[in-house]
Amino acid sequence: MSDLFSFALGASTRNTAGDILDTWYPLPLKEPQGAVAEAAQRIGNQDRAGPGEATLAADALEAGGQPIAASAYRMLAELDQPLTAVLLEADEDIASAPQAYLKLHLLSHRLALPNTLNLNGIFEHLPTVAWTSQGPVDPSAVPARLVAARAAGEHLTVYAVDKFPRMTDYVIPSGVRIADSSRVRLGAYVGDGTTVMHEGQINFNAGALGPNMVEGRISQGVVLGSHSDLGGSASTMGTLSGGGEIVISIGEQCLVGANAGCGIPLGDRCTIEAGLYITAGTVVQVLDESSTVVRTVKARDLAGQNDMLFIRHSQTGKVQCRTNRRAIELNVRLHAHN
Amino acid sequence: MSDLFSFALGASTRNTAGDILDTWYPLPLKEPQGAVAEAAQRIGNQDRAGPGEATLAADALEAGGQPIAASAYRMLAELDQPLTAVLLEADEDIASAPQAYLKLHLLSHRLALPNTLNLNGIFEHLPTVAWTSQGPVDPSAVPARLVAARAAGEHLTVYAVDKFPRMTDYVIPSGVRIADSSRVRLGAYVGDGTTVMHEGQINFNAGALGPNMVEGRISQGVVLGSHSDLGGSASTMGTLSGGGEIVISIGEQCLVGANAGCGIPLGDRCTIEAGLYITAGTVVQVLDESSTVVRTVKARDLAGQNDMLFIRHSQTGKVQCRTNRRAIELNVRLHAHN
Amino acid sequence: MSDLFSFALGASTRNTAGDILDTWYPLPLKEPQGAVAEAAQRIGNQDRAGPGEATLAADALEAGGQPIAASAYRMLAELDQPLTAVLLEADEDIASAPQAYLKLHLLSHRLALPNTLNLNGIFEHLPTVAWTSQGPVDPSAVPARLVAARAAGEHLTVYAVDKFPRMTDYVIPSGVRIADSSRVRLGAYVGDGTTVMHEGQINFNAGALGPNMVEGRISQGVVLGSHSDLGGSASTMGTLSGGGEIVISIGEQCLVGANAGCGIPLGDRCTIEAGLYITAGTVVQVLDESSTVVRTVKARDLAGQNDMLFIRHSQTGKVQCRTNRRAIELNVRLHAHN
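Note that the coordinates shown come from a computational prediction; the quantities given were computed from them, not determined experimentally.

A. Molecular detail of the overall build of chain A. Along its length, chain A carries 7 helices and 27 strands. By its C-alpha atoms, chain A is 70 × 55 × 30 Å across when sized along the principal axes. In chain A, which comprises 338 residues, the proportion classed as buried is 61%. Relative to all contacts within chain A whose residues are 6 or more apart in sequence, the contacts with residues 24 or more apart total 49%. Total accessible area computed for chain A in this model is approximately 11,900 Å², and 49% of it derives from carbon and sulfur atoms. Taking the average location of the 25 positive side-chain charges in chain A and that of its 34 negative ones, the two points are 9 Å from each other.

B. Region of the structure containing the side chain of Gln320(C). Along the chain, the position of Gln320(C) falls in strand E27 (residues 319-323). The residues touching Gln320(C), leaving out its near neighbours within four places in the chain, are Val284(C), Gln285(C), Leu287(C), Leu309(C), Phe310(C), Ile311(C) and His313(C).

C. How the structure looks around the relation of the copies chain B and chain C. Screw-axis analysis of chain B against chain C gives a translation of 0.0 Å along the axis, an RMSD of 0.0 Å, and a rotation angle of 120 degrees. The two molecules are tied by a three-fold rotation axis, judged by turn and shift. Using C-alpha coordinates, one finds that chain B approaches the rotation axis most closely at Gly317(B), a distance of 2.4 Å. The fraction of interface residues of chain B whose copies in chain C are also interface residues is only 18%, indicating that the copies meet through different surfaces.

D. The side chain of Ser233(A), seen in detail. Following the sequence through the fold, Ser233(A) ends up in the loop between strand E17 (229-230) and strand E18 (235-236). For Ser233(A), a relative accessible area of 1% translates into the label buried. If sequence neighbours within four positions are ignored, Ser233(A) has contacts with Glu199(A), Glu215(A), Gly216(A), Arg217(A), Asn259(A), Ala260(A), Ser233(B), Asn259(B), Glu199(C), Arg217(C) and Ser233(C).

E. Region of interest: helix H2 (residues 51-63) of chain C. Residue and element names in this part refer to chain C. For H2, which comprises 13 residues, the first-to-last C-alpha distance of 18 Å matches the rise-based estimate of 18 Å (1.5 Å per residue) to within 8%. Among the residues of H2, Ala-54, Ala-57, Ala-58, Ala-60 and Leu-61 are the ones counted as buried. Looking down the long axis of H2, one finds its buried residues gathered within 165 degrees of arc, a one-sided arrangement. Turned more than 90 degrees away from the buried face of H2 sit Gly-52 and Ala-63, all of them exposed. In this fold, the buried residues of H2 make contact with strand E1 (6-14), strand E3 (29-30), helix H1 (34-43), helix H3 (67-77) and strand E5 (83-88).

F. Quick peek at the sheet that holds strand E10 (residues 188-190) of chain B. All names here are of chain B. If you walk across this open sheet you meet the 4 strands as E10-E13-E16-E19, and the pairing is parallel. Across the chains shown, the open sheet's two edge strands, defined by having one partner strand only, are E10 and strand E19 (249-250). Summarising the sheet, strand E13 (residues 206-208) and strand E16 (residues 223-224) pair through 2 bridges and their orientation is parallel. Counted as the bridge partner of Gly-207 is Val-223 from E16.

G. How the structure looks around helix H6 (residues 142-151) of chain A. For H6(A), the full list of buried residues reads Val142(A), Leu146(A), Val147(A), Ala149(A) and Arg150(A). Here the buried residues of H6(A) occupy an arc of 165 degrees about the axis, which is enough to place them on one side. Of the surrounding secondary structure, the elements contacted by the buried residues of H6(A) are strand E6 (129-132), strand E7 (135-137) and strand E8 (158-162) of chain A together with strand E1 (6-14), strand E2 (20-24) and helix H3 (67-77) of chain B. Of the residues one or two after H6(A), Gly153(A) is the one with positive phi, at around 70 degrees.

H. Expanded view of the pairing of strand E27 (residues 319-323) of chain A. Residues and elements named next belong to chain A. Counting buried residues along E27, 4 of its 5 residues qualify, which places the element largely inside the surrounding structure. Two elements, strand E26 (residues 308-312) and E27, share 5 bridges in a ladder whose sense is antiparallel. The residue of E27 that forms the bridge with Arg-312 is Val-319.

I. View of the interface of chain B and chain C. Contacts between the two partners involve 44 residues from chain B, matched on the other side by 42 residues from chain C. Where chain B abuts chain C, roughly 3,300 Å² becomes buried across the two surfaces, and 50% of that area is made up of carbon and sulfur atoms. There are 3 salt bridges connecting chain B and chain C. We note a salt bridge from Asp22(C) to Arg150(B), for which the minimum N-O separation is 2.7 Å.

J. Layout of the pattern of salt bridges. All chains considered together, the criterion is met by 30 salt bridges over all chains. Here Arg177(B) ties to Asp162(A) by a salt bridge, and the two come within 2.7 Å at their closest N and O atoms. Of this pair, Arg177(B) sits in strand E9 (residues 177-178) while Asp162(A) sits in strand E8, each in a different chain. In terms of burial, Arg177(B) and Asp162(A) fall into one category: buried. When salt bridges that share partners are traced, they join Arg183(A), Glu199(A), Arg183(B), Glu199(B), Arg183(C) and Glu199(C) into one network.

K. Region of interest: the confidence of the model for chain A. Residue and element names in this part refer to chain A. In this model, chain A carries a mean pLDDT of 93, and residues with pLDDT of at least 70 account for 93%. Long-range and interchain partners of residues 330-338, a stretch whose pLDDT sits below 50, account for 14 contacts in this model, where long-range means more than four residues apart. For this predicted complex, the interface score ipTM comes out at 0.94, alongside a pTM of 0.95.

L. The arrangement of a negative patch on the surface in detail. Together, Asp3(A), Glu89(A), Glu92(A) and Asp93(A) make up a negatively charged patch on the protein surface. Turning to its location among the elements, Asp93(A) is positioned in the loop between strand E5 (83-88) and helix H4 (97-108).

M. Structural view of the packing of aromatic side chains. This model, assessed by the stated rule, comprises 15 aromatic pairs over all chains. Taken together, a centroid distance of 6.0 Å and an interplanar angle of 75 degrees make the contact between Phe123(A) and Phe204(A) edge-to-face. In this pair, Phe123(A) sits in helix H5 (residues 122-125) while Phe204(A) sits in the loop between strand E12 (201-202) and strand E13 (206-208), placing the two residues 81 residues apart along the sequence. By relative accessible area, Phe204(A) is classed as buried at 3%. Both rings, one in Tyr101(C) and one in Tyr170(C), keep their centres 6.2 Å apart while their planes meet at 40 degrees; by these two values the pair is tilted. With Tyr101(C) in helix H4 (residues 97-108) and Tyr170(C) in the loop between strand E8 (158-162) and strand E9 (177-178), the pair connects residues that are 69 residues apart, well separated along the chain. By the burial criterion, Tyr101(C) is buried, and Tyr170(C) matches it. Linked through ring pairs, Phe123(A), Phe164(A) and Phe204(A) together constitute an aromatic cluster. Between Arg166(B) and the ring centre of Tyr159(B), over which it is positioned, the NZ or CZ distance is 5.0 Å.

N. Fine view of the interface of chain A and chain C. On the side of chain C, 44 residues touch chain A, which itself brings 43 residues to the contact. Together, the buried faces of chain A and chain C total about 3,400 Å²; carbon and sulfur atoms form 51% of this surface. Of all residues in chain A, the largest losses of buried area upon contact with chain C belong to Arg177(A), His198(A) and Gln315(A), amounting jointly to 21% of the total for that side. Put simply, chain A and chain C have 3 salt bridges between them.

Rules used throughout
Residues numbered from 1 in each chain as written. Chains lettered and ligands numbered in written order. Predicted model: local features only at pLDDT ≥ 70, side-chain atom pairs only at ≥ 80, totals over all residues. Heavy atoms only, no water. Helix = DSSP H or I, 4+ residues; strand = E, 2+ residues; numbered from the N terminus. Buried < 20%, exposed > 50% of the residue type's maximum accessible area, 1.4 Å probe, protein only. Contact = heavy atoms within 4.5 Å. Areas by Shrake-Rupley, 256 points an atom, 1.4 Å probe, with all protein chains shown as cover. Lys, Arg positive; Asp, Glu negative; His and termini not counted. Charge placed at Lys NZ, Arg CZ, Asp CG, Glu CD. Least-squares fit on C-alpha atoms with pLDDT ≥ 70 in both. Expected span 1.5 Å × (residues − 1). Arc of directions from axis to C-beta. Pairing = 2+ DSSP bridges. Buried area = accessible area lost by both parts, 1.4 Å probe. Salt bridge = Lys/Arg side-chain N within 4 Å of Asp/Glu carboxyl O. pLDDT = per-residue confidence, 0-100. Patch = residues over 30% accessible without salt bridge, like charges linked within 9 Å, V, L, I, M, F, W, Y side chains within 5 Å. Phe/Tyr/Trp six-rings, centres within 6.5 Å; stacked < 30°, edge-to-face > 60°. Lys NZ or Arg CZ within 6 Å of the ring centre and 35° of its normal.

Listed below in C-alpha cells is the structure:
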C-alpha cells in the first residue's frame, strides 16, 4: 500500500482569465507504488508542467512494467502545452477543479467504485462551462465566439452548459456501448459489457458494475449490480433529488421495468414491473410463494431483500411484493425488523 | 412606453435559393426608447444591412447608457456579412422567418414571458432546417454536403431536422445549467438559477421562471413557477399535444415527481407523487387534513388550487388529493365551483 | 421482378487495420431491373471500386429513366476514394459490415418495411464504433485522437460508442422532422409527415409509417401505423428487451399516452391512457359500450383488436378496456379466442 492516493498529469483548458475550465488526464494513477510514486512526488502539484515531467512519469511506469500507462504519459510529452500535475496524498476534500476532474476520471477509469471517494467540494470547485464544438468555453465568452464562427463561415454548437462534461470526451472504458453519450457524465462508472441505450443516463458517482443493459436513469450515488437491467425511462431515486438519506443500490440479476421507479435499495433477483414506482413510503402487501398474504409493510422495510417481485395488482390496485422464493426467511427477517 | 414593440439586427444563414434558414440576434431590443427607437426606425426592415446600421444602433445604445447592448451591436459591425434588420412596430402575426426568430429570441433572452407574445404564423414561417456541424443547411442539400465532407476527409453531423434550433447556439441566459442542450429549443424561457438535467426538455414558448430543477418535459405553453421541481421524465400536457384548451401552469414550490404527469394547472406548494399521472378527467377523492373524505371530483375541478398532494393509494388504488393545509377553504371553493 | 435483391455503391471509413467501420450509400437500389441490374452485376462486390464503376451505374440509371438516382452515383464518381460495392443476389444472412449497412440504408430509405428483411448476423458484423466529430473512429484510437486534437487547438467530441450510427448522418427521408437525431438509429423507418420529438426514439428495424407524432420509444421490431401518436416517454416492448416472442405493432389512429406503455399489438383506433402500462399479462376487465363488464381477460387475449380504450379506473384501481364501438363483435371474438 502506497502512501499516495492518486497522481495524474493532464491537459487543461483555460478561460481568458487563466482559470481552468477542464482537465483531461489520459491515464490517472491510483495508489502508485515504488519508483512511480517517487516520480509522482518529485513532480508534485504543478500548473505548468512540461514534457520533462511527462517523460519522468513515463520512464518510471515503463521501468515498473506498465508500458501501456507509460505510452499515455509519452503522448502528453509530445503535447506542446503546459500540463497540469495533481498529486493527492490522501482522499481529502476537493480543493480545485483539477482535483475534481481527477476524481471523476478515477471513477470512469474504473479505478474507484461509486460512493468510495471523498467528493466534498466538487460542486464548489467545478466551474460551469459551455461545452462546445470548439471545446470548453467560458459561458460569458460564447457570444463573441458565435460572431467569430459566423465570420469564419463556421458554426459553433453548444452541446451543454454544465459543470460536468460527457464522459466519452475524456474516457471510453473498455467493452461498453453508449448510444447517446451526452447522457453519461464524466464520473460515471460504466462496467465492462454494459450497454447504455439512448434513454439511459448515468450521473457522476453512479454506475453499473457490468454487464448491464441501462435504458433508464442511474442517479448520483446509485449502483446497479451485475446482470441487472434498468428498463426504458426507469427511475432510481438519488440522494440529490429527493431520495433522502437512503443510498439506493440495485443488486444482481434484477429487472426494473420500463417506466418503473425504485426508491429503496434492492437485493438480488428482484423485479419491479413495468410502470410501477416504488418509493420508500409505498405500502406493500407481502405474499409468500403460495400467494398467501404474509403482512403489509412500507417498502422501506423491504430494503435490500432478495427475490422480490413488485407489482400493482391490475384488478385491486394493491401494490404487492411476491417473493420469488425463500419467502419464509424473508418473513422472519421482516419480523426481526420490527 | 415606446411606440415600437421590438427591433433587432442579426446574421442570417441562407440556402442556395437565398431563402433565410435562421437568424441569430446577439441582443434583440424590446420596446426601445428615445434615440434608440429613432435609430431602429431609421434602420427599419432590411435584408442586407451592414456595418453602418450596426454602428448606428450601437452609438444610440451607448449614448442611451446601455454599453453592454452597444457592444453586441458593435460585434455585428465587424461581421463582414449582410445583416438582417427586423423592426416590429407592434406584436402582430409572424410574417417571415426573421420575425419568428426575433420572437423566439425575446423569449430566451427573458424579454418576454411564455404566452405573452403573438406567435400566430410561426409554424408556417419557420423553415425545416438540417441543423448540422456546419451550421443550418437546407435538408435537400445534405447529400451533396455529405459527399463534400467525405471528400475533404471531414465529417458532417446532422444534429436535428427541425423548425426550431437548440437555444444555446443562439442564447445562453445567465445563471443556468443545461446538461443536454439538444433538448431545449430556442424560444424556451429558462429562468435564473435553473438547472435542466439530461432528461429535462423545454419547448418554445414554455419555461421555468427560476430557480428550478427541470428533469422532465415542459410542453409548449407550460410555465413552471419559482422553486418548483419537475422530476425525471415527468410530463406536462401541452396544448399542442392533447392537453386541449387548458393552458397548464405549475405554481411555486411544487414537486411533480419522477415519471409523474400533470394535465391540470397547479397552484403553489402542490405535489404529485412519483409515477402518478393526473389528467383533467382523473376522478380524485379529496381528503382534508384529518384524512376525512371531503368529496370526489374530477381533477379539472381542482385546477389552480394550492397545497394539494396527489397520490394513488397503494392498497386501494384510489387517486387521492390530500390537502396539505387550508382544507376547509379548499372545500368551500370546491362547492363554489359547482 | 429482378433476380437481384439489392445493389449499392458507397463510401466506407476504415480503421488503421483496414477494417470497415461504416459505409454510406447515397442511394441504394432495391431489386434493380434491366440495364441497371446488368451494370450492378458487372460491378459486383468490390472493396476498392472507383469512378468507373460509379459512372457505369449512373449511366445505366440515367438510361433507365432514373435521373435523380443517377446523380447520386455521379456524386460518388467525383469522390476521390476507393468505393465499396455490395451486390446482394438474395436477402440472405448478413456476412459483412457493408452488407449490414446496406440493409439499414434500405430501411431508412423506405425501400423496405421493418420486419421484412433478413437481419440475421447484424450484431456480429457491425463493429462498435466511436462516432465522433471527426467521423467514425475505432474506440481504441480515441485517446490518441484526443491528444492530437488538443495539440491542434481543436476538440474531439464523441457522440456515441455504438454499433449503430444516427440515421440523419446517412439518410434524411423526405417530409420528416427529428428534434434530436441522436435518438434515431440508422435502420429506422420514418414515414413521410412524421415528427420525432426530443423524447422520441426509433431503433433500427422499427418505425412509423407516417404521418405520426413520435414522442416515445419505438423498440426494435415495432411499427406504428399511420395517424397514430406515441406520447412522451411512452414505451413499446421490443423483442430484444423483454417483450418475448410477440412482435408489437400499433395500428392506425391510435394514441399511446404520455408515460404509458404497450406490451401487446394494438389494432386501429386504440388508446392507452397517459401513465398506464399494459403488459401481455395485465389482467383487464372488458366493458362494452354501455359500461357493462363483459369479461375479464389477460391483455394478450386482446392483441390486435380495434377500438379499445385502456384505462386504470382512478377509484378502484382496476385496469379496464372500454370498447369505443363494436363491443359485441369484440365480445364474440373474445369468446372465439377461448
